[in-house]
Amino acid sequence: MKRIAALCLAGALALAPGMKAEAVGAGSSIARGIDVSKHNLSIDWSQVPSSGVSFVFVKAGSTNSGVDPYFDVNMRGANAAGLRTGVYLYSYATNAEQARAEANQLIQWIGNYTVNYPVVYDVEAPCHKNMSQAQLQELINAFCSIIEANGYYPVVYSSRNMFRDKIGNIGYDKWVAQYADALEYDGGAAFWQNTSHGKVAGIPTRVDMNYQFKDYASLIVADGFAPRGDQMVFYAGYRMQRGCWANWEDNKYHLDENGFVQKGCWFEDETGRYFLATKDGHALREDVTIEGQDYYFDENAVMQRGLVTRPDGNVYYYDPATGALQRNVTVNVDGTDYTVDGSGIAAPAAPEQPETAETDPAQAAEQEAVPAPADGAQEQPVPADSAQAGTDPVQ
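## As for the packing of aromatic side chains
Taken as a whole and judged by the stated rule, the model has 26 aromatic pairs. Ring centres 6.2 Å apart and planes at 40° place the aromatic pair Phe163 and Tyr185 in the tilted group. With Phe163 in helix α5 (residues 160-167) and Tyr185 in the loop between β9 (183-184) and β10 (191-198), the pair connects residues that are 22 residues apart, well separated along the chain. Here a set of aromatic residues connected by ring pairs shows up, and it is made of Phe55, Phe57, Tyr88, Tyr117, Tyr153, Tyr157, Trp175, Phe191 and Tyr216.

## Quick word on the sheet that holds strand β13 (residues 231-236)
Adjacent strands of a sheet form backbone hydrogen bonds with each other and so pair up, either parallel or antiparallel. Reading across the sheet, the 3 strands line up as β12-β13-β14 and stay open at both edges, with antiparallel pairing between neighbours. At either end of the open sheet lies a strand with only one pairing partner, and these are β12 (223-228) and β14 (239-240). Judged from the 2 bridges that link them, β13 and β14 form a sheet pairing that is antiparallel. Note that in β14 the partner of Tyr235 across the bridge is Met240.

## Some thoughts on the layout of surface pockets
Of the volumes computed, that of the largest pocket is approximately 300 Å³. Glu148, Tyr153, Pro154, Arg228 and Met240 are, among the 19 residues lining the largest pocket, the residues nearest its centre. Elements that contribute at least two residues to the lining of the largest pocket include exactly β12 and β13. Here the lining of the largest pocket is built from residues that sort into 10 nonpolar, 4 polar and 5 charged.

## Focus: the pattern of salt bridges
Pairing between side chains of opposite charge can happen when the charged atoms of each approach one another. This structure, assessed with the given rule, holds 7 salt bridges. A salt bridge links Asp165 to Arg164, with the shortest nitrogen-to-oxygen separation between them at 2.9 Å. Measuring nitrogen to oxygen at the nearest pair gives 3.6 Å for the salt bridge that ties Glu268 to Arg273. One salt-bridge network, in which partners are shared between bridges, spans Glu268, Arg273 and Arg305.

## Notes on the packing of helix α4 (residues 133-149) against α5
One can describe the packing of α4 onto α5 by two numbers: an axis separation of 9 Å at closest approach and a directional angle of 115°. Contacts between α4 and α5 involve Gln133, Leu136, Gln137 and Ile140 on the former and, on the latter, Met162, Lys166 and Ile167. Tallied by class, residues from the contact of α4 with α5 come to 4 nonpolar, 2 polar and 1 charged.

## Re the confidence of the model for the chain
Taken over all residues, the pLDDT of the chain has a mean of 89, while the share at 70 or more is 84%. Below a pLDDT of 50 lies the segment residues 1-19, which in the model reaches 3 contacts outside its immediate sequence neighbourhood of four places, other chains included. Long-range and interchain partners of residues 374-395, a stretch whose pLDDT sits below 50, account for 0 contacts in this model, where long-range means more than four residues apart.

The rules behind the values
Residues numbered from 1 in each chain as written. Predicted model: local features only at pLDDT ≥ 70, side-chain atom pairs only at ≥ 80, totals over all residues. Heavy atoms only, no water. Phe/Tyr/Trp six-rings, centres within 6.5 Å; stacked < 30°, edge-to-face > 60°. Helix = DSSP H or I, 4+ residues; strand = E, 2+ residues; numbered from the N terminus. Pairing = 2+ DSSP bridges. 1 Å grid on protein atoms, 1.4 Å probe; cavity = no way out; pocket = protein on both sides within 12 Å on 5 of 7 lines; lining within 4 Å. Points joined across faces, edges and corners; volume = space filled by probe spheres on them. Nonpolar A, V, L, I, M, F, W, Y, C, P; charged D, E, K, R; others polar. Salt bridge = Lys/Arg side-chain N within 4 Å of Asp/Glu carboxyl O. Axes fitted to C-alpha atoms, helices over the stretch in contact; angles between N-to-C directions. Contact = heavy atoms within 4.5 Å. pLDDT = per-residue confidence, 0-100.

Put into structure tokens, the structure is as follows:
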């Protein structure tokens, strides 16, 4: 009897209110929205915002049935009504290869539309119910990594029970469905789908209603910078950029393969060498001192090397290997010697004067004493001795 009593007490504690997941209600939300598909028929989107709806998730389709027949008109109508517009794909994938195919298909479907809210992977089909947590997470990672690589913000949708009992913790935001007065889920939800019986002006059928707990309007922007944890990323046309240069307000920034703005470091590619500012990551220009060395970056923020003519009109010499300004040295550039002063200004070295040979003063005086023949005069030969004139000395 004691053992039975202990088991009953344990069961009672498990069901006690204090042991339940912390409930989150609509009062904690920052926005209210809907999700729609062909089942909602033709929607008058101009009326929808009047019901307090600020965002919508539009079904794009599935790889089993193709594009939702109302996808195009819903996307255009929602955008025109000024609603934040995300999309979702209903998954039938049972392995990572199929999940990647679903992601690639969705990317094709949404490429010509403005998607300024998350792209959602709907994991709730009967084929998913008997899959293991590892298998489900493999699907999610395969799909979401492709969505991210294409600049969109991935979110995963499923029921509260599916997240809690099957999917578990994932590295992506969650859209959790639980039809109740409050969401009881400890895993953290970015969106909560609380009913399928909502009523919204302009929609002829009942509609799914959702509450939002995370500020995606500041995370997904049209153009410019947005935060990602303690990092910054850059958006162009509501799509996050990766592994490239970003030009913004007359400055250039480099984004790594994760899309993060690089800061406080050297960066070099085929266009040249750069230094990215420590505070915000913009590529520096003009004179910069880095770790005690002076460098010069041109109007494109490219580090200069060798002989460089700067705006002050002077020519400076920067080490061809490191780019650091040189001082008080003599260098040879393309066969010409240059003297570099204490300010780093370079000037061609003065050519050496050839040495003049010394002349004997007596010889110089003798040469000056001999008069030069007059113009046109011919030098006369010296006559032979008259006693020997006309005789052959040999004979």
